[in-house]
Amino acid sequence: MTSTEAAAIALQDHAALWSTGEVRASEVVDAACDALVAGLDTPGLRILAACTRAEADYDVHDLLPSALDELGLTFHPIASRAGQEATARALARRMLAGELTPRELTFRIHQRFGHELPLTERLAELDDEYDVLEYGDRTAAQVDAEVTAEARRLAAHPRVPAEPTDTPS
């Protein structure tokens, strides 16, 4: 994967995580800066990356959709099913990158979506299994392995384009 592909995926993930309240707006701005450094460049991305931390909370909502669109990425409406699924995939990628433990992933998924999101139902069930480990015959390592396999399944879903669709000016 090229650095522009990785930056596009990271920006898309930050957008999804922000739209469901998992990350702050300033983290989206940081991801936009990282995308610029990686070689992605559109007018909207530059404007988004130029936001200060103080401006981010006010401006990301308006700037993010067009910045993503210019890059051929998708902004999922807040609280949409597609946005929830994108958030779940982003959290799975974070776990696979070592930013979350398997237990933290299942807890966050279960807390955010309960058993209501079909895509993450197994992770919610695995969160329940962590809660009853002392009463069953499975070990934490066995549940961790199943969570990791489930995270890989989620993370393997659609990738985002690596090149912007508009020429920067």
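Reading guide: rules and limits
Residues numbered from 1 in each chain as written. Predicted model: local features only at pLDDT ≥ 70, side-chain atom pairs only at ≥ 80, totals over all residues. Heavy atoms only, no water. Helix = DSSP H or I, 4+ residues; strand = E, 2+ residues; numbered from the N terminus. Expected span 1.5 Å × (residues − 1). Buried < 20%, exposed > 50% of the residue type's maximum accessible area, 1.4 Å probe, protein only. Contact = heavy atoms within 4.5 Å. Core = buried A, V, L, I, M, F, W, Y, C linked by side-chain atoms within 4.5 Å. Axes fitted to C-alpha atoms, helices over the stretch in contact; angles between N-to-C directions. Parallel < 35°, antiparallel > 145°, perpendicular 65-115°, else oblique. Left-handed = near helix turned anticlockwise from the far one by under 90°. Nonpolar A, V, L, I, M, F, W, Y, C, P; charged D, E, K, R; others polar. Arc of directions from axis to C-beta. pLDDT = per-residue confidence, 0-100. Salt bridge = Lys/Arg side-chain N within 4 Å of Asp/Glu carboxyl O.

Details of helix α2 (residues 25-38)
Move 1: Here α2 is 14 residues long and its end C-alpha atoms lie 20 Å apart, about the 20 Å a rise of 1.5 Å per residue gives.
Move 2: Here α2 has its buried residues at A25, S26, V28, V29, A31, A32 and A35.
Move 3: Those residues of α2 that are buried lie in contact with α1 (3-19), α3 (43-49) and α4 (53-70).
Move 4: Looking one or two places after α2, you find G39, whose phi comes out positive at around 115°.

Regarding the nonpolar core
Move 1: L11, L48, V60, L64, L105 and V147 are the most contacted members of the largest nonpolar core, which has 43 residues in total.
Move 2: Looking at this core, the elements with two or more residues in it are α1, α2, α3, α4, α5 (81-96), α6 (102-113), α7 (121-131) and α8 (140-155).
Move 3: The contacts of V60, once residues within four sequence positions are left out, are W18, A25, V28, V29, L48 and P65.

Side note on the packing of α1 against α5
Move 1: Axis separation between α1 and α5 bottoms out at 8 Å; the angle between their running directions is 125°. By the angle between their directions, the pair α1 and α5 is classed as oblique. Here α1 and α5 pass one another in a crossing that is left-handed. On α5, the residues touching I9, D13, H14, A16 and L17 of α1 are G83, A86, T87, A90, L91, R93 and R94.
Move 2: Tallied by class, residues from the contact of α1 with α5 come to six nonpolar, three polar and three charged.

Considerations on α8
Move 1: Taking 1.5 Å per residue as the helical rise, α8 with its 16 residues ought to reach 22 Å, and the 22 Å between its terminal C-alpha atoms agrees with that figure.
Move 2: Listing the buried residues of α8 in full gives V143, V147, T148, E150, A151, L154 and A155. Along α8, the residues classed as buried sweep out an arc of 165° about the axis, all on the same side. Across from the buried face of α8, at angles greater than 90 degrees, the exposed residues are A141 and R152.
Move 3: Next to the buried residues of α8 lie α5, α6 and α7.

Let's talk about the confidence of the model for the chain
Move 1: Across the chain, the average pLDDT comes to 91, with 92% of residues at or above 70.
Move 2: Across residues 160-169, confidence stays below pLDDT 50; counting only partners more than four residues off in sequence or on other chains, it has 31 contacts.

Quick notes on the pattern of salt bridges
Move 1: A full pass over the atoms with the stated rule returns 15 salt bridges.
Move 2: Taking the shortest distance from any N to any O, the salt bridge between R103 and D127 comes out at 2.1 Å. Here R103, found in helix α6, pairs with D127, found in helix α7; they are 24 residues apart in sequence, far enough to count as distant.
Move 3: Taking relative accessible area as the criterion, D127 reaches 5% and is therefore assigned buried.

Describing the side chain of T20
Move 1: Mapped onto the fold, T20 is located in the loop between α1 and α2.
Move 2: Overall, T20 belongs to the buried group, its relative accessible area being 14%.
Move 3: In this structure, T20 is in contact with G83, T87 and R112, ignoring residues within four places of it in sequence.

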